[in-house]
Amino acid sequence: MPDTALDSDSSMPLNFSFEKLFAGKWIAGAHMEDAIDRARRLNRHGIGTILNYLGEDFKDKKDTQDAVSTYISLIKKIHDGNVRADIAVKPTQIGLSISYMYAAKNYSAILEYARKNGVFVWLDMESHRYVEDTIKLYLEHLSSHKKKDTGICIQSYLRRSRRDISKIVKRNGVIRLVKGAYKESDSIAYANRAEVTENYSKLMKYLFAHADRFTIATHDMKMIELALSLDRSMHKDMTLAMLNGIRNRYALSIAKKENVYIYVPFGSRWVDYSIRRLRELSNAVIIVRSLFSR
Ligand SMILES: Cc1cc2nc3c(=O)[nH]c(=O)nc-3n(C[C@H](O)[C@H](O)[C@H](O)COP(=O)(O)OP(=O)(O)OC[C@H]3O[C@@H](n4cnc5c(N)ncnc54)[C@H](O)[C@@H]3O)c2cc1C
């Protein structure tokens, strides 16, 4: 398996060993070109990409405008360079923590340009405070065309997600199913990892039964195997997706047979994203340790 498709770009200007060790593993680099290069390398191995410009919870309109113009340039680069890449936008990086109307205006601008250039736009899902408005934003902009050009992420740790999924599927929306990466209270989310996974498998089965097109985004091998086995009997437009730096060797190994995407973040605001990955990495280590301890 050629390592060049797996290695992140070493040109990323990270100064401390901690940053190099963790952020460098998960993030393509500080610049848009780093993400495009990584996408091209993955494309050569049959893997599609979802490119995300890092940054979230912006309160300053200057930051949101930087994000919008970066996505516009990114869409142009994807289109002109014939790169197999979607983009993923965080609602609070385009203004959802400033005002709903402001975020809607920015989302429209990105979506309109992406539609003209044939680039698919994902709305990432953030903490529960933004779930209602993110779904509203998505459904208000979902075109009635059969060929969909925008999708939304839904988290299986939220108790409300079954209702949300059915509402979105009824409108023919495209869902990317994840377990969920934010710290949420027990009153709204399943706290126990086993319950989160059980709900993930229920929601996945719901998607196979009722949706035409969706993405199963996880590194959980049991969930991936379940998705592949359901797909063999139900033949849906299902794609698998993983994060840059996690199980990418496995992604490469199945890319000839399966439709696989890797989510590739880039930019200099790497801290929040890396902290979420670090928390998951430490959860994974605790689980492995518990298997070997008495
Ligand atoms: C394409 C994609 C897009 C996503 N978008 C969003 C989003 O918009 N909103 C959101 O809340 N979440 C998002 N996530 C993150 C997701 O919610 C989970 O937090 C993350 O994927 C870990 O959960 P898991 O499904 O891999 O299962 P887990 O049970 O957490 O992990 C399963 C196994 O994967 C491996 N693993 C998981 N994480 C790591 C790690 N950091 N390092 C090394 N190994 C690891 C371990 O072997 C672990 O046992 C996204 C994930 C993917 C793959």
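Calculation criteria
Residues numbered from 1 in each chain as written. Predicted model: local features only at pLDDT ≥ 70, side-chain atom pairs only at ≥ 80, totals over all residues. Heavy atoms only, no water. Near = heavy atom within 4 Å. Polar contact = N/O pair within 3.5 Å; in protein donor to acceptor, adjacent residues only side chain to side chain. Areas by Shrake-Rupley, 256 points an atom, 1.4 Å probe, with all protein chains shown as cover. Helix = DSSP H or I, 4+ residues; strand = E, 2+ residues; numbered from the N terminus. Nonpolar A, V, L, I, M, F, W, Y, C, P; charged D, E, K, R; others polar. Buried < 20%, exposed > 50% of the residue type's maximum accessible area, 1.4 Å probe, protein only. Pairing = 2+ DSSP bridges. Right-handed = clockwise from strand over helix to strand, strands pointing away. Contact = heavy atoms within 4.5 Å.

K.L.:
Can you help me understand the site of the ligand in this one?
P.N.:
In the region of the ligand, 25 residues are neighbours, and Met 125, Gly 180, Thr 218, His 219 and Glu 280 sit closest. Arg 193 has a polar side-chain atom sitting 3.1 Å from an oxygen atom of the ligand. Protein coverage of the free-state accessible area of the ligand, which is 930 Å², stands at 88%. Elements with a minimum of two residues in the shell around the ligand: strand E4 (150-155), strand E5 (174-178), strand E7 (237-243) and helix H10 (271-292). Residue composition of the shell around the ligand, by class: 13 nonpolar, 4 polar and 8 charged.

K.L.:
Explanation requested: the environment of Asn 244 in the structure shown.
P.N.:
Turning to its location among the elements, Asn 244 is positioned in the loop between E7 and helix H9 (248-254). In this structure Asn 244 comes out as buried when scored by relative accessible area, which is 0%. The spacing of Asn 244 and Arg 38 is 206 residues in sequence and 9.7 Å in space, taken between C-alpha atoms.

K.L.:
What am I meant to see in the pairing of strand E1 (residues 48-53) here?
P.N.:
The two faces of the sheet receive side chains in turn, since in a regular strand these alternate between them. The element E1 is extensively covered by neighbouring structure, given that 6 of its 6 residues are classed as buried. Neither face of E1 is exposed, since Gly 48, Ile 50 and Asn 52 on one face and Thr 49, Leu 51 and Tyr 53 on the opposite face are all buried. Pairing geometry for E1 and strand E8 (residues 260-266), over 6 bridges, is parallel. Across the sheet, Leu 51 pairs through a bridge with Val 264, a residue of E8. As judged from the 4 bridges shared by E1 and strand E2 (residues 85-89), these two strands associate in the parallel manner. Note that in E2 the partner of Ile 50 across the bridge is Asp 86. Read from E1 through helix H3 (residues 61-80) to E2, the crossover connection turns out right-handed.

K.L.:
Quick question: what am I supposed to make of the environment of Gly 46 here?
P.N.:
Summarising the element assignment, Gly 46 is placed in the loop between helix H2 (32-44) and E1. Exposure remark for Gly 46: the relative accessible area of 29% places this residue in the partly exposed category. Note: C-alpha distance between Gly 46 and Ile 254 (208 residues apart in sequence) is 9.4 Å. Those residues in contact with Gly 46 that lie beyond four places of it in its chain are Arg 84, Ala 255 and Val 260.

K.L.:
Explanation requested: the side chain of Ser 156 in the structure shown.
P.N.:
Inspection of the secondary structure puts Ser 156 in the loop between E4 and helix H6 (161-170). Apart from the residues lying within four places of it in its own chain, the contact partners of Ser 156 are Val 178, Lys 179, Tyr 190, Val 196, Asn 199, Tyr 200 and Leu 203.

K.L.:
Explain the pairing of E8 here, please?
P.N.:
Of all 7 residues in E8, 7 are buried, a share of seventy percent or more. Burial along E8 is two-sided: the residues Val 260, Ile 262, Val 264 and Phe 266 and Tyr 261, Tyr 263 and Pro 265 are all buried. For the crossover that starts at E7, traverses H9 and ends in the parallel E8, the hand is right-handed.

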